[in-house]
Amino acid sequence: MASSDRTYSGKEVALHNSRESCWIIVHGKVYDVTDFLDDHPGGSKIILKYAGKDATVEYDPIHPPDAITTNLKPEKHLGSVDLATVEKVKVTITDEERARQERIAARPPLSEILNLHDFEAIAKHTMPEKAWAYYSSAADDEITNRENHAAFHRIWFRPRILKNVTKVDWSTTILGQKSSMPLYITATALGKLGHPDGELNLTRAAAKHGIIQMIPTLASCSFDEIMDTAAPGQVQFFQLYVNKDREITKRIVQHAEQRGIKGLFITVDAPQLGRREKDMRQKFEAEDPSEGAARAISSFIDPGLDWSDMAWFKSITKMPLILKGVQCWEDALEAYDLGLNGVVLSNHGGRQLDFARSGIEVLVEVTSKLKEMRGLSFPNEKFQLFVDGGVRRATDVMKAIALGATAVGVGRPFLYAYSAYGPEGINQALQILHDEFEMNMRLLGARNIKEVVAGMVDASNIHLHMVSVPADNLYESNYERLQGARLREI
Ligand code: 173
């Protein structure tokens, strides 16, 4: 019987290269995954590709480092391998990859990146194709994905003048926690697809700029690694996918609380993952070749979650509870009546139900109905409203604040910033937003976030989906059209 302190040679491991006996190497350790093959959420095919070999490079972006140790029985942890004896997995540099490297070398200097669209433009041309497809993809015809951004174009400003705007301050508090801007880094999965440090890029930049990061359940880095990287006292939120096994959920939630997480955002818009066709066309190497990266790893999410679970969440944690993915006033009202602490008006970046309305549009109906039915005014300390989706500018954030949001979530733009330029990219992205806030607060005539009020916007057309707006040239050049099926080469 193998013992876990044994050191194997690469040759010995290489013998176990079949479905009958399948060993793999990850980070210098040897694992017997023969019995696990059919339980692997991403299917057996991808593991078998690395049978007897070092799978680290393929493993890293998709799994938190502790995924293998927590999911594989201890007796299957066979020991270490002498890496010097392991045959390198041959990485053949394709013409496509060579061309990508050339494009990376041709990036403009960061000083020429002027806005968040610019990061997206560079990321589109320099990220590995699969990673770009995964981050940029959205559900079905991607109508909601485009609408998220377009909806902000139906809101116009009514600036005030002569307000002595020598000093302007756009800092705020979110769930009682200080933030240097009324926005937070929202949760997005698989951060390492864009850069080897994955979510840690966001953690470090959030600390530097005094903003809050929402840590995703499906981060590429482990939760503890992210918490350990955070600066002392750095405020973080946690996004939760609820596992069918509630004991696992309870363990995750209580661990998050114990590590100092200040808000639990329960995702409620993904009982099943949307079909993201750009991702599916990448032929991600899952059991079912049409699955795509996200679907392959999401089978644990419980479609049985319902309102009656909320009392249970309250019983297992004292963290503020916020539902992420509310899409109409009726559900916002229910959340309020159940005593939850807020809702994120979100359609998951257009990645779930296509033709779901934008969060900013839903915000307008939620504030009006909750005022009418419960006498609430917004922003509201006790029941906070958040919006995400389509945000690219400080002016987008200010529109949401004027309409009653406490803060706004930004996801993809920050992934693109670090995917295109690494840690300096995300720093620059946040600096750009600070600069945009400073200028636009002055131009709007608001000295602080409390002065950004409903009277400063005209959102009277928000519910009209067919109004003429000026062309959005930067966005249009980044948006990638869906491609239909093509004939095979003959
Ligand atoms: O939007 C997503 O891609 C997402 O939330 C997700 C969910 C499960 C697995 C991977 C990603």
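Residues numbered from 1 in each chain as written. Predicted model: local features only at pLDDT ≥ 70, side-chain atom pairs only at ≥ 80, totals over all residues. Heavy atoms only, no water.

Chemist: Looking at this structure, I do not really get the sheet that holds strand β12 (residues 321–326). What am I missing?
Modeler: Remark on secondary structure: sheet strands pair via backbone hydrogen bonds, oriented parallel or antiparallel. Taken in spatial order, the eight strands close into a barrel running β8-β9-β10-β11-β12-β13-β14-β15, and their pairing is parallel. Along the sheet, successive strands turn relative to each other by an average axial angle of 30°, direction set aside. The sheet contacts of helix α14 (residues 309–316) involve β10 (236–240), β11 (264–267) and β12, and relative to β12 the element is tilted by about 145°. (Pairing = 2+ DSSP bridges. Helix = DSSP H or I, 4+ residues; strand = E, 2+ residues; numbered from the N terminus. Axes fitted to C-alpha atoms, helices over the stretch in contact; angles between N-to-C directions. Contact = heavy atoms within 4.5 Å.)

Chemist: Would you mind showing me how to read the site of the ligand here?
Modeler: The ligand sits among Tyr134, Ala189, Leu218, Tyr241, Leu273, Arg276, Ala294, Ile297, Ser298, His348 and Arg351. The separation between an oxygen atom of the ligand and a polar side-chain atom of tyrosine 134 is 2.8 Å. Histidine 348 places a side-chain nitrogen or oxygen 2.8 Å from an oxygen atom of the ligand. In the complex, the protein chains occlude 95% of the 290 Å² of accessible area that the ligand would expose alone. (Near = heavy atom within 4 Å. Polar contact = N/O pair within 3.5 Å; in protein donor to acceptor, adjacent residues only side chain to side chain. Areas by Shrake-Rupley, 256 points an atom, 1.4 Å probe, with all protein chains shown as cover.)

Chemist: Sorry if this is basic, but what is going on with the side chain of lysine 192 here?
Modeler: Secondary-structure assignment places lysine 192 in the loop between β8 (183–185) and α9 (200–209). Although lysine 192 is buried, it forms no salt bridge, and the closest oppositely charged side chain is aspartate 60 at an N-O distance of 4.6 Å. Once you skip the residues sitting within four places of it in the chain, lysine 192 turns out to touch Asp60, Pro61, Tyr135, Asp197, Gly198, Ser220 and Cys221. (Buried < 20%, exposed > 50% of the residue type's maximum accessible area, 1.4 Å probe, protein only. Lys, Arg positive; Asp, Glu negative; His and termini not counted. Salt bridge = Lys/Arg side-chain N within 4 Å of Asp/Glu carboxyl O.)

Chemist: So what exactly am I meant to see when it comes to the sheet that holds strand β1 (residues 6–8) here?
Modeler: Overall, mixed pairing links the four strands, which are arranged β1-β4-β3-β2 in an open sheet. The open sheet has two edge strands with one neighbour each: β1 and β2 (23–26). Each strand axis lies, on average, 40° off the axis of its neighbour in the sheet, ignoring direction. Strand direction decides the pairing type here: strand β3 (residues 29–32) and strand β4 (residues 77–81), joined by three bridges, are antiparallel. Within the sheet, the bridge partner assigned to valine 30 lies in β4 and is glycine 79.

Chemist: Is there a simple way to explain the pairing of strand β14 (residues 384–388) in this structure?
Modeler: Two faces belong to every sheet, and in a regular strand the side chains alternate between them. Where burial is concerned, most of β14 is hidden: five out of the five residues are buried. Of the two faces of β14, the one carrying Gln384, Phe386 and Asp388 and the one carrying Leu385 and Val387 are both buried. Examined bridge by bridge, strand β13 (residues 342–345) and β14 share four bridges and lie parallel to one another. Each residue of the ladder has a partner; that of leucine 345, found in β14, is valine 387. As judged from the three bridges shared by β14 and strand β15 (residues 407–410), these two strands associate in the parallel manner. The partner of valine 387 across the bridge, within β15, is valine 408. Following the backbone out of β14, through helix α17 (residues 394–402) and into the adjacent parallel β15, one traces a crossover that is right-handed. (Right-handed = clockwise from strand over helix to strand, strands pointing away.)

Chemist: I keep staring at the pattern of salt bridges and nothing clicks. Help me out?
Modeler: As a working rule, side chains carrying opposite charge can pair if their charged atoms are close by. Within this structure, the stated rule accounts for 22 salt bridges. Between arginine 154 and glutamate 147 there is a salt bridge whose closest N-O contact spans 2.8 Å. Here the two residues arginine 154 and glutamate 147 agree in accessibility, since each one is buried. Among the salt bridges present, the one from arginine 246 reaches aspartate 302, with a minimum N-O distance of 2.1 Å. In this pair, arginine 246 sits in helix α11 (residues 246–258) while aspartate 302 sits in the loop between α13 (292–296) and α14, placing the two residues 56 residues apart along the sequence. The network of salt bridges with common partners includes Glu147, Arg154, Arg357, Glu361 and Glu365.

Chemist: What am I meant to see in the nonpolar core here?
Modeler: In terms of nonpolar packing, the biggest core is built from 108 residues, with Phe119, Phe313, Ile360 and Phe414 touching the most fellow members. At 15 residues, helix α18 (residues 412–444) tops the list of elements feeding residues into this core. Excluding anything up to four places from it in sequence, isoleucine 360 contacts Ala151, Phe152, Ile155, Val387, Lys399, Ala400, Leu403 and Ile462. (Core = buried A, V, L, I, M, F, W, Y, C linked by side-chain atoms within 4.5 Å.)

Chemist: Would you mind showing me how to read α18 here?
Modeler: Along an α-helix, a turn takes 3.6 residues, which lines up residues three or four apart on a common side. Compared with an ideal rise of 1.5 Å per residue, which puts 33 residues at 48 Å, α18 spans 27 Å between its outermost C-alpha atoms and falls more than 12% short. At tyrosine 421, α18 shows its largest kink, close to 140°, and the proline proline 423 lies no more than four residues downstream. Immediately downstream of α18, the backbone of glycine 445 shows phi near 85°, a positive value. (Expected span 1.5 Å × (residues − 1). Bend = angle between axes of the 7 residues up to and from the residue.)

In short, the description is geometric, and any link to function would need to be established separately.
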